[in-house]
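As a plain string of letters, each chain reads:
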Amino acid sequence: MSDIHKKQEIVSSVPQHGFLGHPKGLFTLFFTEFWERFSYYGMRAILVYYMYYEVSKGGLGIAENTALAIMSIYGSLVYMSGIIGGWLSDRIFGNSKAVLYGGIFIMLGHIVLAIPGSVALFFVSMVLIVLGTGMLKPNVSSIVGEIYSEEDARRDAGFSIFYMGINLGGFLAPLLVGTVGMNVNFHLGFGLAAIGMFLGLAVFLFTKKKNLGLAGTFVVNPLSPSEKTKVLTWIGLGAVIIILLLVITIPAGYLTFQTFSAIVGLLGILIPTIYFIVMYRSPKTTSIERSRVLAYIPLFIASVMFWAIEEQGSTILANYADRRTQLDFAGIHISPAWFQSLNPLFIIVFAPIFAWIWVKLGDRQPSIPTKFSLGLLLAGVSFLVILLPAYFGGKESLVNPLWLVLSYFIVVIGELCLSPVGLSATTKLAPAAFLAQTMSLWFLSNAAAQAINAQIVKFYSPDSEMLYFGVIGVIALVLSVILFLMTPKIQGFMKGVR
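What you see is a predicted model; the values in this text were computed from it and never measured.

**Regarding the nonpolar core**
In this structure, Leu47, Tyr49 and Phe469 are the most contacted members of the largest nonpolar core, which totals 105 residues. Those residues in contact with Leu47, other than ones at most four positions away along the chain, are Met71, Tyr74, Leu113, Phe122, Met126 and Phe190. Membership of the second largest hydrophobic core comes to 21 residues, among which are Met107, Val140, Ile147 and Ile161.

**Some details on the packing of aromatic side chains**
Any aromatic ring pair is given by two values, namely how distant the centres are and how the planes are angled relative to each other. Evaluation of the coordinates by the stated rule reveals 29 aromatic pairs. An angle of 35° between the planes, with centres 6.4 Å apart, marks the rings of Tyr40 and Tyr74 as tilted. Taken together, the residues Tyr40 in helix H2 (residues 25-52) and Tyr74 in helix H3 (residues 64-93) connect sequence positions 34 residues apart. The pair Tyr40 / Tyr74 is uniform in exposure class, with both members buried. With a centroid separation of 5.3 Å and 80° between ring planes, the pair formed by Phe346 and Phe409 is classed as edge-to-face. In this pair, Phe346 is assigned in helix H12 (residues 342-361) and Phe409 in helix H14 (residues 401-429), connecting sequence segments 63 residues apart. Relative accessible area serves as the criterion here: at 12%, Phe346 is assigned to the buried category. On the accessibility criterion, Phe409 (27% relative accessible area) is partly exposed.

**Focus on the environment of Val412**
Take Val412: it is sitting in helix H14. In this view, Val412 contacts Asn343, Phe346 and Ile347; residues no more than four positions away in its chain are not counted.

**Observations concerning H12**
Taking 1.5 Å of rise per residue, 20 residues should cover 28 Å, and H12 covers 28 Å from first to last C-alpha, within 8% of that figure. Phe350 marks the point of greatest bend in H12, at about 40°, and the proline Pro352 comes within the next four residues. Buried residues of H12: Leu342, Asn343, Pro344, Phe346, Ile347, Phe354 and Trp358, and no others.

**A few points about the packing of H2 against helix H4 (residues 95-114)**
Following both chains from N to C, one finds H2 and H4 inclined at 30°, their axes separated by 11 Å at the closest point. Classified by the angle between their axes, H2 and H4 sit roughly parallel to one another. The handedness of the crossing between H2 and H4 is left-handed. Across the interface between the two elements, Thr32, Glu36, Ser39, Tyr40, Met43, Leu47 and Tyr50 from H2 touch Val99, Ile106, His110 and Leu113 from H4. Grouping the amino acids of the contact of H2 with H4 by side-chain chemistry returns seven nonpolar, three polar and one charged.

**Remarks on helix H10 (residues 287-310)**
The terminal C-alpha atoms of H10 lie 35 Å apart, and with 24 residues this matches the ideal 34 Å at 1.5 Å per residue to within 8%. Most of H10 sits inside the fold, with 18 of its 24 residues counted as buried.

**With respect to the environment of Lys428**
Counting through the fold element by element, Lys428 comes out in helix H14. Those residues in contact with Lys428 that lie beyond four places of it in its chain are Arg292 and Val497.

**Thoughts on the side chain of Thr32**
Looking at the secondary structure, you find Thr32 in helix H2. In this structure, Thr32 is in contact with Val99, Gly200, Val203 and Phe204, ignoring residues within four places of it in sequence.

**So, the side chain of Thr28**
Topologically, Thr28 is positioned in helix H2. Contacts of Thr28, omitting those with residues within four sequence positions, involve Val203, Phe204, Thr207, Lys208, Asn211 and Leu212.

**Concerning a nonpolar patch on the surface**
Together, Tyr101, Ile104, Leu108, Ile111, Ile115 and Leu121 make up an exposed nonpolar region whose accessible area comes to about 440 Å². Counting residues per element, the nonpolar patch draws most heavily on H4, which supplies four residues. The topology assignment puts Ile115 in the loop between H4 and helix H5 (119-146). Among the residues examined, Ile115 registers a relative accessible area of 44% and is labelled partly exposed.

**Considering the pattern of salt bridges**
In this structure the tally under the stated criterion is five salt bridges. Note that Glu311 and Arg44 form a salt bridge whose closest N and O atoms lie 3.3 Å from each other. Of this pair, Glu311 sits in the loop between H10 and helix H11 (316-323) while Arg44 sits in helix H2, and the two are 267 residues apart along the sequence. Residue classification places Arg44 among the buried residues on the basis of a relative accessible area of 15%. Here Glu64 and Arg323 are joined by a salt bridge, their closest N and O atoms 2.8 Å apart. One end of the pair, Glu64, is in helix H3; the other, Arg323, is in helix H11, with 259 residues separating them in the sequence. Assessed through its relative accessible area of 39%, Arg323 is described here as partly exposed.

About the criteria used
Residues numbered from 1 in each chain as written. Predicted model: local features only at pLDDT ≥ 70, side-chain atom pairs only at ≥ 80, totals over all residues. Heavy atoms only, no water. Core = buried A, V, L, I, M, F, W, Y, C linked by side-chain atoms within 4.5 Å. Buried < 20%, exposed > 50% of the residue type's maximum accessible area, 1.4 Å probe, protein only. Contact = heavy atoms within 4.5 Å. Phe/Tyr/Trp six-rings, centres within 6.5 Å; stacked < 30°, edge-to-face > 60°. Helix = DSSP H or I, 4+ residues; strand = E, 2+ residues; numbered from the N terminus. Expected span 1.5 Å × (residues − 1). Bend = angle between axes of the 7 residues up to and from the residue. Axes fitted to C-alpha atoms, helices over the stretch in contact; angles between N-to-C directions. Parallel < 35°, antiparallel > 145°, perpendicular 65-115°, else oblique. Left-handed = near helix turned anticlockwise from the far one by under 90°. Nonpolar A, V, L, I, M, F, W, Y, C, P; charged D, E, K, R; others polar. Patch = residues over 30% accessible without salt bridge, like charges linked within 9 Å, V, L, I, M, F, W, Y side chains within 5 Å. Areas by Shrake-Rupley, 256 points an atom, 1.4 Å probe, with all protein chains shown as cover. Salt bridge = Lys/Arg side-chain N within 4 Å of Asp/Glu carboxyl O.

Right, here's the structure in full:
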């Protein structure tokens, strides 16, 4: 059966109504992703505190700067692993099995975190969660696309509902998991995250047959039996080599945290660079598409700079919330983990407003590079705002939490100017032969940003606080201005894409 017929069969097999006027499959995917994001963001809200809190307080006692760097490396690897998850889905599993196996890995990772143990157990959990998220995250989104025909006018609205599930899970998790983890016990909090992933798996398993039909079950580019044998052999051989290298290099002192951090940082820059070179030089890329690839490069660099600031919300600003913020405010005690709910909350509130603004402006709305420069400008301002309390009150005083709220708010407004626009620009500027890979490249901008963060967070301390926020904020402002000035040139390279 041809791929076209397969797609037609998939669409016709999916129940077309039943969840807010959308296919029933959207219910399955909405709640699968809701609970996966609940488990991920709940775990992330307390993970950095678990790492650097003293053992007497239930933590691992890792040095603060090391814990912040590990958090950035972990975030970078999560985005890099999406490449592996996409390949496994396309060539071996299919989307549906990738989501199932990914969810199981994530749940096991959270269960390992829920067991009081050692630093070794902690790193085992990280490997499980990185691999699991890489399999689940990109593939559950792909299935959303499969349950709609290409002509279905509900498609965009369906994705909007789906992404609302992501942000609802991200909003509730830090409030619930954060409260339990910070006030009762870290491991109980991680256990709550594991329960969230279990609920997501339960929803997926018990409703997918009825609601999804054949969506996600086809392997779009399957390996032949001989190829599969060869690939599995190479995977097994690679795993043995990696284990041997770890066994030899770690005791000998060659593979330290610093060297591993440097390797991740190098990969974060090297992998996107290779992507750009391959796409630009490919004979499958037309001259117009090559021009658009060149236009995409400054947008990619701007995206890396933006995410380098935004993703510090779960590292530097999380530490700032814990160490530098007045947490007894307006008669209540604020858990530092609660601040992680601000990003998804602001997105839930303001994303529909931005969507309305862009539609209302129509052809008068800013161009893609202009929106990127605005997003980058706001990211820089969010860091300059957070240095003001130390400037006025000194580094010893505790900061009013509203300063932190304001910083999160400004960067989220920047995110709404850049992130959804970046996704749209990626689909428009991508060479036809590299559409899926260019989308992977977009997510690699976040991986690159966090790989860079792993190198720079070590420069943060209360003593260097103003310099740290000031330098990064000013760099973002300068890049924003440069990008804005380059807008006409970039627009020319985009060859008609606005």
